[in-house]
Amino acid sequence: MAIRQVLRMGHPLLQQVAQPVADVRDPAVAMLLEDLFDTMAACNGAGLAAPQIGVSVRVVVFGVTHNPRYPQAEPVPRTVLINPVIEVVDPTLENGWEGCLSVPGLRGLVPRPRAIRYHGFDERGHLIEREVSGFHARVVQHECDHLDGVLYPQRIGDLRQFGFEPEILHATTGV
């Protein structure tokens with residue numbers, strides 16, 4: 001439908017808790033989903049939350065097959081998640097490098113629970129329930145953080161592990 005502008009860190013809307021979607025089948029939700037997927041694809045994102053494009057509702061989309069921003073990432077199925085709920089299955093924290101379309105050009109080492117169970121609704125109002133780990137779990141947690149007004153830099157434990165992508169890439173790979 002349309003590629004939307006992605007709000008950047010510092011915008012007040014990104015600091016708000018998003019509102020639940022009352023009617024999953026509302027035509028406005030379908031248009032929002034198209035815009036989210038179009039914008040995510042145009043920006044090479046692994047996921048995108050509605051607040052990132054200026055709509056403060058509890059909707060995220062994600063999916064990865066091949067992504068130049070995450071070349072080593074395992075595939076994550078293309079998913080719509082409306083009014084998501086996350087439950088931690090394995091609280092063991094794993095560090096992983098994250099970036100964000102709302103924090104362009106930067107990466108940070110973020111600790112997140114190893115495995116989660118999530119549920120929510122797809123675009124047809126059908127319940128989705130999955131138990132996931134690895135990159136899939138990281139993407140879901142990252143995107144759902146946006147719904148609570150949290151950006152990944154707020155989760156970084158050591159700010160020495162936060163910086164611009166070229167410098168981080170060189171420091172972690174030597175390239």
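Preceding this paragraph is the structure being described.
Conventions and cut-offs
Residues numbered from 1 in each chain as written. Predicted model: local features only at pLDDT ≥ 70, side-chain atom pairs only at ≥ 80, totals over all residues. Heavy atoms only, no water. Phe/Tyr/Trp six-rings, centres within 6.5 Å; stacked < 30°, edge-to-face > 60°. Helix = DSSP H or I, 4+ residues; strand = E, 2+ residues; numbered from the N terminus. Buried < 20%, exposed > 50% of the residue type's maximum accessible area, 1.4 Å probe, protein only. Salt bridge = Lys/Arg side-chain N within 4 Å of Asp/Glu carboxyl O.

**Here's the deal with the packing of aromatic side chains**
Now for step 1: Considering all chains together, one arrives at 2 aromatic pairs under this definition.
Now for step 2: Judged by centre distance (6.1 Å) and plane angle (80°), the ring pair of Phe62 and Tyr118 falls under edge-to-face. You can see Phe62 sitting in strand β2 (residues 59-64) and its partner Tyr118 sitting in strand β4 (residues 103-121), a full 56 residues away along the chain. Residue Phe62 shares its accessibility class with Tyr118, and that shared class is buried.
Now for step 3: Plain terms: the ring middles of Tyr152 and Phe162 are 6.1 Å apart, the flat faces sit at 75° to each other, and that makes the pair edge-to-face. Of this pair, Tyr152 sits in the loop between α2 (134-147) and β6 (162-164) while Phe162 sits in strand β6, and the two are 10 residues apart along the sequence.
Now for step 4: Judged by relative accessible area, Tyr152 falls into the buried class, the value being 2%.

**Here's the deal with the pattern of salt bridges**
Now for step 1: Scanning all chains against the criterion turns up 14 salt bridges.
Now for step 2: Salt-bridge contacts for Glu131 lead to Arg117; the nearest nitrogen and oxygen are separated by 2.8 Å. In this pair, Glu131 is assigned in strand β5 (residues 127-133) and Arg117 in strand β4, connecting sequence segments 14 residues apart.
Now for step 3: One connected set of salt bridges, linked through shared partners, spans Glu98, Arg112, Arg138, Asp145 and Arg155.

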